[in-house]
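Coordinate inspection notes
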Amino acid sequence: MKMGGQFAPEKRWSVCSGKQPKYDLFSGGQFTPESGGQFDRILQLINIIGLDSYNATAFFYRGFCSFKKGDLEMALSDFNRVIEFDPTIKKSYYFRGLIKTELKDYKSAIQDLNTFIELNPRDKKGYFYRGKCKIGLNDLFEASFDFSKVIELDSTDKDAYFERGKIKAYFKDYIGGLEDFERIIELDPENESLLLIRDLFFTKLEDHRGNMLDFNKVEIKGPNDKAGYFEKGVKKSLLKDYVGAIMNFSKVIELDPEFKDAYYGRGISNAALKKDHEAISDYDKAIELGLMDKDVYFMRGKSKYLIENYKDAISDLNNAIEMDSKFQKAIYYRGLCNNLLENYRGAIQDFTKVIKIDPKEKNAFFERGVSRMKMKNYKEGIRDLTEVIRIDPLFSCAYSLLGLCKTELGDYGGAIQEYNQAIELDPDDESNYYGRGKCKNKLGDTQGAILDFSEANDHGDKI
């Protein structure tokens, strides 16, 4: 699941990452895709439930299994029946659209995906595959709008940036294409093939780079101009050319090993490339040389948090907070560290401070709710998670945790309502189906529970 908000922390509690065990319907144990026979066993389940002429749910699951096994004609026939018998099953339009896409029936696929998008306007998958269909029809201009919509819904979707970047390159918008590929590299800095593609964009840009080149242009006055190299490093960092920034900051350090700001700048660029150990080394040197600034301590603390050195991270964050008692991000990350160190009371105190500084900071409410849940204070957890939803009704993970809280309190009907909402917003998270299935089982709805557990299995191997 995704996190919105100001800080978008990199670490999530396991339920929000879909880390629940996959439930095996037939052995009662943990399921692993490598064990094989997943879809055959679900088909057996359909036979147990019974496949009558109007059982739309059974046709849906049989169609899904046939699709996953590559029997597109059978899958298409089953999804046609699902939509005929129960047109309210939203995902049927999505899967039928995918099948038609595989069959290269792009126009008909777009019609199904249009319906899916109307019913699920916040689900990025519909826009992505509609864009792919438009590419199949050579309607590249319209396709680019679909990929832009995917990025609007999920700013970390590398596939959407890739498709949009290719379209921009086709229309000779090399600057726009470069921006998209730079974003992919930011998300996946170790991908060497993307770096090669970026080099191709730079080659194509030549005189088309305009203001971007002007901004990056710095006059270096000889090989010993450390001020020029430093300025160029700063500008490359601002352009998110972190590799280029590191090269220039390193040149400054070669010329002047006591240039403390160059270590700090190189540390920021290393951190942006997720090279946190290298970043920490640079921050260490900057502080050793006398750069005693709250931001340096915060950045070092954040990098230590990311490499799971939570105790040392807290020490740095404490230093930053001593310099600025209202340093909101530092207090927030200290709360995350306290939470992971199981100091839940300390975490709650930190998130409460963040909320006093910014009463609309939904992530602080969310994390405080998590801490209270871990202390088994489910009623207070519900209050915090309800506030998250008041601020952001599309915060899907908050609904998931509300479902867990209400399950623990024995409110199975209320929990099912929360899981319904979570699934509506994030249909790919198997843990929501698993949690809802447990509640249905508690209420005696065995068939509904089995179907939810089956859906949880399905989403353990999503397309």
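The rules behind the values
- Residues numbered from 1 in each chain as written.
- Predicted model: local features only at pLDDT ≥ 70, side-chain atom pairs only at ≥ 80, totals over all residues.
- Heavy atoms only, no water.
- Helix = DSSP H or I, 4+ residues; strand = E, 2+ residues; numbered from the N terminus.
- Expected span 1.5 Å × (residues − 1).
- Buried < 20%, exposed > 50% of the residue type's maximum accessible area, 1.4 Å probe, protein only.
- Contact = heavy atoms within 4.5 Å.
- Polar contact = N/O pair within 3.5 Å; in protein donor to acceptor, adjacent residues only side chain to side chain.
- 1 Å grid on protein atoms, 1.4 Å probe; cavity = no way out; pocket = protein on both sides within 12 Å on 5 of 7 lines; lining within 4 Å.
- Points joined across faces, edges and corners; volume = space filled by probe spheres on them.
- Nonpolar A, V, L, I, M, F, W, Y, C, P; charged D, E, K, R; others polar.
- Patch = residues over 30% accessible without salt bridge, like charges linked within 9 Å, V, L, I, M, F, W, Y side chains within 5 Å.
- Areas by Shrake-Rupley, 256 points an atom, 1.4 Å probe, with all protein chains shown as cover.
- Salt bridge = Lys/Arg side-chain N within 4 Å of Asp/Glu carboxyl O.

This part covers helix α20 (residues 362-374). If you check α20, its first and last C-alpha atoms are 19 Å apart, about what 13 residues at 1.5 Å a residue would give, namely 18 Å. For α20, the buried fraction is high: 12 of the 13 residues fall into the buried class. Of the residues making up α20, those classed as buried are Lys362, Asn363, Ala364, Phe365, Phe366, Glu367, Arg368, Gly369, Val370, Ser371, Arg372 and Met373. On the buried face of α20, the contacting elements are α18 (328-340), α19 (344-357), α21 (378-391) and α22 (396-408). N-cap assignment for α20: the residue whose side-chain oxygen lies 2.9 Å from the backbone N of Asn363 is Glu361. A positive backbone phi angle near 65 degrees is found at Lys376, which sits one or two residues after α20.

What the second largest pocket holds in volume is close to 560 Å³. Lining the second largest pocket are 20 residues, and of these Ile89, Lys91, Tyr433, Arg436 and Glu455 sit closest to its centre. Examining the composition of the lining of the second largest pocket, we find that 4 residues originate from one element, helix α25 (residues 446-458), more than from any other. Of the residues contributing to the lining of the second largest pocket, the split by class is 7 nonpolar, 5 polar and 8 charged.

A word on a nonpolar patch on the surface. Residues Phe141, Phe145, Tyr170 and Phe171 make up a contiguous nonpolar surface patch of roughly 490 Å² in combined accessible area. Along the chain, the position of Tyr170 falls in helix α8 (residues 158-170).

In a regular helix each residue adds 1.5 Å, so 13 residues correspond to 18 Å; helix α2 (residues 56-68) covers 18 Å between its end C-alpha atoms and thus fits that length. Phi turns positive one or two residues past the end of α2, at Gly70, with a value near 90 degrees.

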